[in-house]
Amino acid sequence: MNLERLIESMITAQSDNDSLMNALTTRLFRLAMLPLLGGWLVACGHQQLPQGVVYCSEGNPESFNPQTVTSGTTIDATSQQLYSRLVDYDADEGKIVPALASSWEISDDGLEYRFFLRHGVTFHHSDIFTPSRPFNADDVLFSFQRVLDEDHPYYWVARSGYPFFQSIDFTNQVASVTKNGDYEVVFKLLRRDASFLSNLATDFAVVLSAEYADQLLRAKTPELLDQKAIGTGPFRLVEYVKNEYIRYRRHEGFWGEAPKIDMLVFDITSKSSVRLSKLITGDCSVSALPKAGELKFIENHPELLLESKPGLNVAFWAFNTQKPPFNDVRVRRALSLAVDKRNILRAVYQDTGVEAQSLLPPSSWAYARDYELDLDYSPSKAMNLLAEAGIVNLSIDIWAMPVARAYNPNALKTAELIQADLANIGVKANIISYDWSVFTQKLNQTDYDSVLIGWNADNSDPDNFFTPLLSCASVGSGNNRSRWCDPAFDELLNRARASTDRLERTALYQEAQAEVSKQLPLLAFAHAKRTLVHRHNISYMPVSPFGGIAFADIKPALEDND
Amino acid sequence: MGIYLLRRLNLFIATSLLMVTILFIATIHFPTERAYAYSGIINPSAEQVQQIISDYQLDKSDVYQYFAYLSQRMSGNLGISATSQQSVAKELATVLPASFELACFSGLLALVLGVPLGVLASLNQHKLTQNAIMAITLTGYSIPVFWLGLTLSLWFGVRLGWLPISGQINLLYEIKPVTGFMLIDTLLSDSSYRLPAFKDALAHIVLPAVTLAVLPFTVVVRITRSAMLNVMNQTYVRAAEARGLHTGKIILRHALPNALIPVLKHLGLMLGAFASYAIVVEVIFSWPGVGSWLVSGIYQRDYTVIQGGILAVALLIIFLSILIEVLHTASNPLSRKELYASN
């Protein structure tokens, strides 16, 4: 009897078990579906976004003051967004246009520049600074004195110096900057310089707030001037989180045409493939520097648009001419002849670049190709030259940038191609690369053999390709990666700068190009197009052939919200 | 119990000291100047040089330097990051919550899905279902996390476009960090975009959390199942069945609490693997946590960040393992008995 009941209860327990199993299964199934369903809803539901633009940028800015750097990443993040200059360059019209200076006069001898400043321009405010007065001549004086005057309290705050101004030898060019009333500034020059206005229109010659600088100096935190930036640009800086993002908001008192967007965010994403995937999933609307291999995919993707324009830039391989055996022009020529430039263009640039025939890109007005020195690919000539120079078993280091730059989307791959080319003439090459900030630091120690780097023009003046890159003054500032200093060449550049006659200048710059091709302190191999990818919900995104990216004129499409 | 806790505390201190010692030895062998490796200041001014020398006893022997290093790190001075020139401790405080959020979310996912499935697998009489569940968990256990993360982001992000695959939230939502947990912060924020922001943050966490949850999920299923099989054969369960108790009650009241004890223990053992998986997942999905911060610090040769990251992650793992062990002992009368016997 007892046994029977026990068995019975066991059986019911068993069937209980089964029904429980069913219940459990259904419950579990629902539980498992819940997050999936939730995710699906979130993904497909109508997404409501604040108005603004997210730009996938390629790296961290080193500073928030473009005076103190030359790196394109920093320029992109600061110059056109946060600051204004005295004058701007209009790339479409090809001329200098007013910015903070509403007009200017140049004296007949070309030594005195008189700027009349715009009235009623306001500076940004932040949580630590509220401007009490509008922009005036004091701000201009402060911004330039800081760069010019070694006794200025802010001169040494920038530990890295002012590389652009040093490379154009600005201190020996400007005799004085003075004000004449609150809205007039006078620059007196030591020598005539046709590129002076162009240099003031570059991304580096920004105007800072003197009032803010005074306040920071009193608070004994002058270094904040270059970090918590205050400018007069279309956007003000809200927040910067390293490796993550930079957030800007529209500057409501901007003197120019107000930007169409309320908020601008730089989403710092160093990997090109990640930038592309963020663009596809809609986390970014605009993205920097696509790799050549990704272009085909972008063209075929229904959501993405590629903008490109011939750029004023040059990618080159610079030889350290102060270090043997690179001080011998025959060695430099041999190495240059051994490099198959067409192959680099095919593999690295695909159709985003043109082969360089000169240091100047074809779109520059002083460009010339009609010199007879032949630099076409020829390993046999290269080997003869090396033999002539008495070099055997040469082994060199090639430093390659770790990041994509506008002028070279993939320096490491370029280095590998050059390595293979050099192996053909019996030269062994080692490729050296570090992370970007370490790379530039180590490069400044100047004991490298050769480096793959390049230059993005800051203005359309051809001088911008010569004086910052190959003059004696630029050896000290570190921009002259060839460490090449030739007084005769400097003299040639000075003559070209002093003249204001375009025909005469063209002739002089053509001479300079021929000299570079003869001496070969560097081998220019490509001029890249400026490319930018954006989603269809951006209807207009200007691409400038030179300088940094600017978001003030971006236009989002009206129906944008998905 | 008091003595036991004291001994665990001792263990914690001893392990941490050993870890800091190893870190110190590694630090003095970094290929750079010591002042820079300790402090992270690139171009120190004259006063800063003096300060660094006195802080880290640079003019004395390695032993002095070790104790100076120890006292600096213990007092919370982790130096400043070489790349951002901000205090490493402050940066750590901004990246840690994101990692906690991801870890909690995936841990929860693993437990909520894993325990019931493990129970199900143990109760199910069909060989086929059992084998299927075991096969799936074994597969999940063996899949390398980087492959899984990339595959998921390829399918659900790039191909189908359902879910975002990087970051914590669309950056257009301006969310003030309060707790550091993005999901909570979006709800706490007073912006008019609160709910869309929450949904967006939820969508962003799905793929990384699922990727990270796969490993603990499979372990939880397997351990729960074997523990349940073990417990269900115990005489007290059979007695409960014999008394005619409802099976659901037997499982929930009598079997499961006992079966969860080994699960807890295995969770503790899994912490190290879980943390390294979390670093990989954070890098794949650009999750702004301590893992991707540490990896980018390594790429940038940011020595103070490397030290700070290793210190934080290692201390956390040591602390949590010991905490789980204590919890295990507290919740398990059997191990308490062993403990008293051993004392």
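The name given to chain B in an unreviewed UniProt entry is ABC transporter permease, with Shewanella jiangmenensis as the source organism. According to the UniProt record, the Sequence similarities (unreviewed entry) comment for chain B is "Belongs to the binding-protein-dependent transport system permease family. OppBC subfamily." According to UniProt, the comment filed for chain B under the heading Subcellular location (unreviewed entry) is "Cell membrane".

In this section: the nonpolar core. Residue and element names in this part refer to chain A. If you look at the biggest cluster of nonpolar residues, it comprises 77 residues, and the most contacted ones within it are Leu 86, Phe 115, Leu 117, Phe 144, Phe 187, Tyr 248 and Phe 551. At seven residues, the largest contribution of residues to this core is made by helix 3 (residues 137–148). Of all hydrophobic cores here, the second largest spans 72 residues; its members include Leu 312, Leu 375, Ala 382 and Phe 466.

Right, let's talk about the UniProt feature "transmembrane region" (unreviewed entry) in chain B for a bit. Residue and element names in this part refer to chain B. Residues annotated by UniProt as "transmembrane region" (unreviewed entry) correspond here to residues 9–30, 100–120, 132–156, 201–223, 267–285 and 305–327. Helix makes up 91% of residues 9–30 and strand 0%, and the two end C-alpha atoms of the span are 31 Å apart. Structurally, residues 132–156 comprises 92% helix and 0% strand, and the distance from its first C-alpha atom to its last is 25 Å.

Turning next to the environment of Gly 476 of chain A. All names here are of chain A. If you trace the backbone, Gly 476 turns up in helix 15 (residues 473–477). A relative accessible area of 71% means that Gly 476 is categorised as exposed. Put simply, Gly 476 and Asn 444 are 32 residues apart on the chain and 9.7 Å apart in space, counted from C-alpha to C-alpha.

What follows concerns helix 16 (residues 487–498) of chain A. Residues and elements named next belong to chain A. The end-to-end C-alpha separation of helix 16 is 16 Å, in line with the 16 Å expected for twelve residues at 1.5 Å each. Among all positions in helix 16, only Phe 489, Asp 490, Leu 492, Leu 493, Ala 496 and Arg 497 are buried. Along the long axis of helix 16, the arc covered by the buried residues comes to 160°, so they all point the same way. The exposed set on the far side of helix 16, more than 90 degrees from its buried face, consists of Pro 487 and Ala 488. Of the surrounding elements, those touching the buried residues of helix 16 are helix 14 (463–470) and helix 17 (502–519). You can read the cap of helix 16 off the contacts: a side-chain oxygen lies 3.1 Å from the backbone nitrogen of Ala 488, and it is on Asp 486.

Following the UniProt record, the feature "domain: ABC transmembrane type-1" (unreviewed entry) maps to residues 96–328 of chain B here. As annotated, residues 96–328 of chain B comprises 80% helix and 0% strand, and the C-alpha atoms at either end are separated by 26 Å.

Our focus in this paragraph is the packing of aromatic side chains. With the rule as written, the count across this model stands at 39 aromatic pairs over all chains. Ring geometry for Phe 24 of chain B and Tyr 66 of chain B: centres 5.3 Å apart, planes at 65°, overall edge-to-face. Of this pair, Phe 24 of chain B sits in helix 1 (residues 2–28) while Tyr 66 of chain B sits in helix 4 (residues 62–74), and the two are 42 residues apart along the sequence. Across this residue pair, the class does not change: Phe 24 of chain B and Tyr 66 of chain B are buried. Here a set of aromatic residues connected by ring pairs shows up, and it is made of Trp 104, Tyr 113, Phe 115, Phe 144, Phe 164, Phe 165, Phe 170, Phe 187, Phe 196 and Phe 204 of chain A. We note Lys 60 of chain B situated over the ring of Tyr 64 of chain B; from NZ or CZ to the ring centre the distance is 5.4 Å.

Next up on the list: the domain arrangement of chain B. Residues and elements named next belong to chain B. In terms of domains, chain B is made up of domain 1 (19–74) and domain 2 (88–342). Where domain 1 abuts domain 2, roughly 900 Å² becomes buried across the two surfaces, and 77% of that area is made up of carbon and sulfur atoms. Of all residues in domain 1, Met 19, Leu 23 and Phe 30 bury the most surface against domain 2, accounting for 54% of the area lost on that side. The tally of links from domain 1 across to domain 2 stands at zero salt bridges. Inspection of the region where domain 1 meets domain 2 yields three residue pairs in polar contact (both at pLDDT 80 or more). Where the side of domain 1 that touches domain 2 is concerned, the elements lending two or more residues are helix 1, helix 2 (34–39) and helix 4. The residue makeup of the side of domain 1 that touches domain 2, split by class, is nine nonpolar, four polar and one charged.

About the cut-offs
- Residues numbered from 1 in each chain as written.
- Chains lettered and ligands numbered in written order.
- Predicted model: local features only at pLDDT ≥ 70, side-chain atom pairs only at ≥ 80, totals over all residues.
- Heavy atoms only, no water.
- UniProt positions renumbered as here; feature names shortened; annotations may be inferred.
- Core = buried A, V, L, I, M, F, W, Y, C linked by side-chain atoms within 4.5 Å.
- Buried < 20%, exposed > 50% of the residue type's maximum accessible area, 1.4 Å probe, protein only.
- Helix = DSSP H or I, 4+ residues; strand = E, 2+ residues; numbered from the N terminus.
- Expected span 1.5 Å × (residues − 1).
- Arc of directions from axis to C-beta.
- Contact = heavy atoms within 4.5 Å.
- Polar contact = N/O pair within 3.5 Å; in protein donor to acceptor, adjacent residues only side chain to side chain.
- Phe/Tyr/Trp six-rings, centres within 6.5 Å; stacked < 30°, edge-to-face > 60°.
- Lys NZ or Arg CZ within 6 Å of the ring centre and 35° of its normal.
- Domains from an automatic or database assignment.
- Buried area = accessible area lost by both parts, 1.4 Å probe.
- Salt bridge = Lys/Arg side-chain N within 4 Å of Asp/Glu carboxyl O.
- Nonpolar A, V, L, I, M, F, W, Y, C, P; charged D, E, K, R; others polar.

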